[in-house]
Structures are given as structure tokens and as C-alpha cells.
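Single-letter residue listing:
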Amino acid sequence: MTNARSTLVAALVWVALLGLSLCWNLGQIERSMEVVAESEANAAFLKDLAYRLWASMQGGLYVPPSNATPPNPYLTHIPDRDVVTTDGKRLTLVNPAYMTRQVHELGRERFGLRGHITSLRPRRPANAADPWEAEALRSFENGSPKATALLDIDGQPFFRFMRPLAAEPPCLKCHADQGYSPGDIVGGISVSVPLEPLRAVSAPQRTFLVLAHAGIAILGLLGLWLSHRFIRASKASLLDSRARLDQMAEQNRTVVWEVDASSLYTFVSHVSETVYGYRPEEVVGRMHFYDLHPEAGRDAFMTEVFEQFKRKEAFTYFENPVATRDGRVIWVSTNAVPVLDEGGELRGYRGSDTDITDRRTAEEALQKSESSKSLLLANLPGMAYRCRYDRDWTMEFVSEGCRSLTGYGPEDLVGNRSLSFNDLIVPEYHDGLWKAWAEGAARRAPVQVEYEIRTADGDIRWVWEQGVVLFSPEGEILALEGLILDITDRKKTEAALQKATEAARAANDAKSEFLANMSHEIRTPLNGVMGMLQLMQTTGLDAEQENYTATALTSCSRLVRLLTDILDLSRIEARKLAINPAPMDLAEVLCQ
């Protein structure tokens, strides 16, 4: 049945139930009205009975005869029906029936309440019973205690009530001649209560009931309509969710299934055809959970699965191979929970298989890659690391090279288990290292720094570190990664080279000083020789002597220039040479 038809049927049932409720409540009001009318009529009857009995006990009443109360012609058999008082006042007897009739006439005239005293053998013909009263009187003779009915009188609805009158000893004063004995039913008093006043009183209640039921009906119908819309929307949402789940299961290659306690499939989702290669109808009721396992290892698999069944434990990320229809072997991750009956007995399992073949392949490739990387890092000189950006340089990963570099293993440094890497750094380098990394993080540039560490043996080693800062997409520092190499030997070589350089510089300075001193010491006697030769030229010399003297002076001038050049070379090495411009004879220079 569709949702619309169900809503329509529910609406009809709802209206029918409210109609029945309204009819029942209106009937209750009618019955309550009848109870009130009967109570009012019974009260009137008891009142009539009470003063009738009182009048009977008094033997009747004597009143002055009048037009309203003339002498009763039906009491002529009573000798003292009419009497005259001693003072001459005439009185006539009013027996209980006469009095009751007059009271009834007064009540009808004043209050609309109709009363009638009657009998099957009335003395007064006007007191004869109507058909309903006659039938009621006959029922009294058969033992009925009362009679009631809803009848129209003069076109108006009345509640009619009648109870019998039994002959009491005082009653026989007037009725003994009719053959009645004490206890005989001599007649009855009927009371007719008009229903219109009572219906007028109950009219607001009837109106309220009608309006209340109408309001409830409208609210109910509105609720059904809203429920119809909600159910339709929920159904659409459910179908949409189911479609999304099916699509997700299809994309994730997840098969939803159920098996009984023997592992026989009782339900398989349609994704099984994509993952297993089997249609649901080929699996449900035909294959067990273990039938999809490759033959190799199937017995061990069955043992493991049924042990789990016995313990009624859930399967959580249980990875196992599946042989597909086309002969391939894929890997699935099984998650399932046991289904128990009320007595706690296992009824089966409900779960899912997710194809993780690609993930397993990727994990195997990653494992091989990690193995290669571990081998590379193990053979890499120095220590590769990944650490947090904190003052302890808390290591998250260090390669095996840390043992040869620091004397500590990865298990000592990772997570600061035994000590932090900062504890290895010579204290005077702490601030400089932190500053270097802070600048590198600010510039997002690689960091290179050299510092000293203290190894587990207490030795001091020089290390060279190069690393980079890793940032998140939001710009937060995630970690530092880099490589630390032992450069102690290089530092020793640099120190030895520095010492040799300083020694060479000292030797060169000594040479320069020697040349300067030598130039000065040779120049002084040479100037004297040149002076003597110049004086000899002023004396009388023959041509040969003149030639010898000129040759000696030329040689002395060349020696002076040589000494000057040596002195200039020393000045050049000392970076103190001053260049002075002077005239030059190119021809003379070329001749020299």
C-alpha cells in the first residue's frame, strides 16, 4: 500500500473513530439527561407519596367547599363527606387522591411538571389511565417496580415515569368498597418531566462536544497530512541516503552481508558482483563464508573463523584473501558483529568486506621503499633526522648513523627517552644554533651551521648540519629535517693548514725584513764607492782610466737600482709601496 493510500485510510479511520466518539458522548449526555429526568420524576413521586400517605393517615382533610374544591361526588358513600362545624361553617372531605389530583394540576400550571394519579379501576373517569399508563399498571401487577419511557405529549418530548401505589390501611376508607385489601396495587402515580429545559441546559455541552471533536478531527487530519509529508520526505531522504550508501559502497568496493550460524550467506549486497564477481543470487543460500577463501589455507581459515564464532566475538579489520570468480585473489578487510537471539544463542553474523587489494599493494610497495630507504640511511655517513622545533630539538626520527656519530642509538634520542639532542651540544653553541634556525624559518631557507657536540664517550666532535624547516599549508612549523655530518677530521686539517699558513707568513715577514736591512746595509758603502769614483773623475786621468772609472760608476748605479727594486719588492709584500711619478728616457731604458 502506498503512503498516500495509507494516509487516506488512516484519515477515514480517524474520522470514523471521532464520529463514534461523538455519538457515544452525545448518547452519554442523553442518558445523563434521562437520569436527571428520572431523578426529578422519582423525587416528585416520593413527594406525592409522602403527603398522600400523610393525608391518608389523617383520614383526609376537610376544607371549605369552593369552585376550585367542590364536594367530591365520588365520595358520596362516605357518611361524613360533608360536615358543619359547631360555629356553622361547612366543610367537605378532600381525600388523598383528590388532594393529589389538585396538586398535580397546580404543578402543571405553575411549573410544567405533569403528574397523574390513575388506576385500572378509577372512581373518577377523568383519572382513567392512558394507553402507556394502562400498560405500566398491568406490568405493576406482574411485579415490575417502575416504568419509564421517552414520549411526545402534545408534540413536546417528555420523560415519563410511573410507580405503583399499594393499598395501605388508611386507603381502605375510600377504596374498601372496590374490593381492595392491604398491599393490593390500587393504581399508580405517573410523572411526566419535560425534556426541552434539560436539553437546553445540555445544549452548550453538546455544542462543545461537536466543536471539540471537529477540532480534534481537523488537528488529527492536519497531523496525518504533516505525517504524510514527513514520511514522504523521510522516505525520499532514506532512498537518497541508501543511494548514497550504495554509491559509497560501490566506490569503496564494500560488500554488505549476513550469514547464519553455519556461515551460510543469507544476504549479500549487489556490490558483490563488482568485488567478488558473483551475483547475490549466486551466493545467498549457496555459498559459505569460507567458500570464497582460496583453497590454499582454507582449512586454517575455517578453523580460525569458527573459533571466533564459538566465542561470539566481533571481527574487526580482519584481513583475509578472497578468490574471485575470474580466478584472481584479492584482499578484503572484514568487520562484523554477532547476531544473538533472546536466549543469547548465536544466530549468525552481520558485517561487510572492503576490498583493500590496492592498499595492500601500496603497503607492500611502501614497505619495499622503506626498506630501501632504511638501507640507504644506514649506509649514509652521519645522521639523518626529523625533529620538533623546540629548545630540546626533540627527535622524531634518527637514522642508525647516530651511533657512530654520537655514541647513542635511535632508541636513546627519539622522544628524548634517555637524553635530548640539545644535551649533546656544547652549551656555548645553544643560542647560536637556535638563532640560525629561527632565521632560516623566517626566510624559509635551508640552514647550514657548524658546532661541537659531546659524544657518549665524552669526546668533543665537530659536526656540520644542513636542514630545512617543514611548514603546514597554514604556515605553521611542523618539523625540521636534515643531515648531520662529522667534520672533526676536516676541522683538524683546517687547524693544521692554518698553523702552516701562519708559519709561512712569519717566514715571509722575516725575508722582507732581511731584504730591507740588506738593501740599507749595502746601499751605504756603495754610496761611498760611488762618491770616490766621482772624485777620481775630477783628477787628471788618461783615457783608459777614464773608461774604467765610468764603467765602475755605471755598475754602481745598476747595483743601487737593484737594491731599490729589492726594497720595493719588500714594500709590495708588506703592502706599503708608494708609486711616485718621474720622467723616463725610453731609449736609455732600452739600451740598458
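Residues numbered from 1 in each chain as written. Predicted model: local features only at pLDDT ≥ 70, side-chain atom pairs only at ≥ 80, totals over all residues. Heavy atoms only, no water.

**Considering the sheet that holds strand β3 (residues 90–94)**
- Taken in spatial order, the three strands of this open sheet run β1-β3-β2, and their pairing is antiparallel. Of all the strands in the sheet, just β1 (61–63) and β2 (82–84) have a single pairing partner and so form its edges. Direction aside, the axes of adjacent strands within the sheet are offset by 35 degrees on average.
- Pairing between β2 and β3: three bridges, direction antiparallel. In the sheet register, D82 faces β3, and the bridge partner there is T92. (Pairing = 2+ DSSP bridges. Helix = DSSP H or I, 4+ residues; strand = E, 2+ residues; numbered from the N terminus. Axes fitted to C-alpha atoms, helices over the stretch in contact; angles between N-to-C directions.)

**Brief notes about a nonpolar patch on the surface**
- Together, V9, V13, L17 and L20 make up a nonpolar patch on the protein surface, roughly 360 Å² of accessible area in all.
- Relative to the helices and strands, V13 is located in helix α1 (residues 3–57).
- For V13, a relative accessible area of 43% translates into the label partly exposed. (Patch = residues over 30% accessible without salt bridge, like charges linked within 9 Å, V, L, I, M, F, W, Y side chains within 5 Å. Areas by Shrake-Rupley, 256 points an atom, 1.4 Å probe, with all protein chains shown as cover. Salt bridge = Lys/Arg side-chain N within 4 Å of Asp/Glu carboxyl O. Buried < 20%, exposed > 50% of the residue type's maximum accessible area, 1.4 Å probe, protein only.)

**A look at the side chain of S263**
- If you trace the backbone, S263 turns up in the loop between β8 (254–260) and β9 (265–268).
- Residue S263 is classed as buried on the basis of its relative accessible area, which comes to 0%.
- When neighbours within four sequence positions are excluded, S263 is seen to be in contact with M287, H288, F289, Y290, F306 and F309. (Contact = heavy atoms within 4.5 Å.)

**Re the pattern of salt bridges**
- This model, assessed by the stated rule, comprises 27 salt bridges.
- For D355, the salt bridge is made with R253, and the minimal N-O distance between the two is 2.6 Å. With D355 in strand β12 (residues 346–355) and R253 in the loop between α5 (196–252) and β8, this pair connects stretches of sequence that are 102 residues apart.
- Here D355 falls in the buried class, since its relative accessible area comes to 16%.
- For R253, a relative accessible area of 24% translates into the label partly exposed.

**Topic: the nonpolar core**
- Grouped together as the largest cluster of nonpolar side chains are 29 residues, with contacts concentrated most on M383, Y385, W393, F421 and Y451.
- Elements represented by at least two residues in this core include exactly β13 (383–387), β14 (395–398), α10 (401–406), α12 (430–443), β15 (447–454), β16 (460–471) and β17 (477–486).
- The element contributing the most residues to this core is α12, with five residues.
- With sequence-adjacent residues up to four places away left out, Y451 is seen in contact with F421, I425, Y429, L433, R461, W462, V463, E465 and I484.
- Core analysis: the next-biggest nonpolar cluster, separate from the first, contains 25 residues, V255, V332, A336 and L346 among them. (Core = buried A, V, L, I, M, F, W, Y, C linked by side-chain atoms within 4.5 Å.)

**Things to note about the packing of aromatic side chains**
- Per the counting criterion, the structure on display carries 14 aromatic pairs.
- Arranged with centres 6.0 Å apart and planes meeting at 10 degrees, the rings of F289 and F301 form a pair that is stacked. With F289 in the loop between α7 (280–283) and α8 (298–311) and F301 in helix α8, the pair connects residues that are twelve residues apart, well separated along the chain.
- We classify F289 as buried; its relative accessible area is 8%. (Phe/Tyr/Trp six-rings, centres within 6.5 Å; stacked < 30°, edge-to-face > 60°.)

**Details of the sheet that holds strand β11 (residues 329–340)**
- Spatially, five strands are ordered β9-β8-β12-β11-β10 in an open sheet, and the strand pairing comes out antiparallel. Each edge of the sheet is formed by a strand with only one pairing partner; in this case those strands are β9 and β10 (315–323). Pairs of neighbouring strands in the sheet enclose a mean axial angle of 30 degrees, with direction left out of account.
- Pairing between β11 and β12: nine bridges, direction antiparallel. What sits directly across from N335, in β12, is S352.
- Sheet contacts for α8: β8, β10 and β12; angle to β10, the most-contacted strand, approximately 150 degrees.

**Examining the environment of A212**
- Along the chain, A212 turns up in helix α5.
- By relative accessible area, which is 24% here, A212 ends up partly exposed.
- Taking C-alpha positions, A212 is 9.2 Å from L22, a pair spaced 190 residues apart along the chain.

Worth remembering: the numbers are spatial, not functional.
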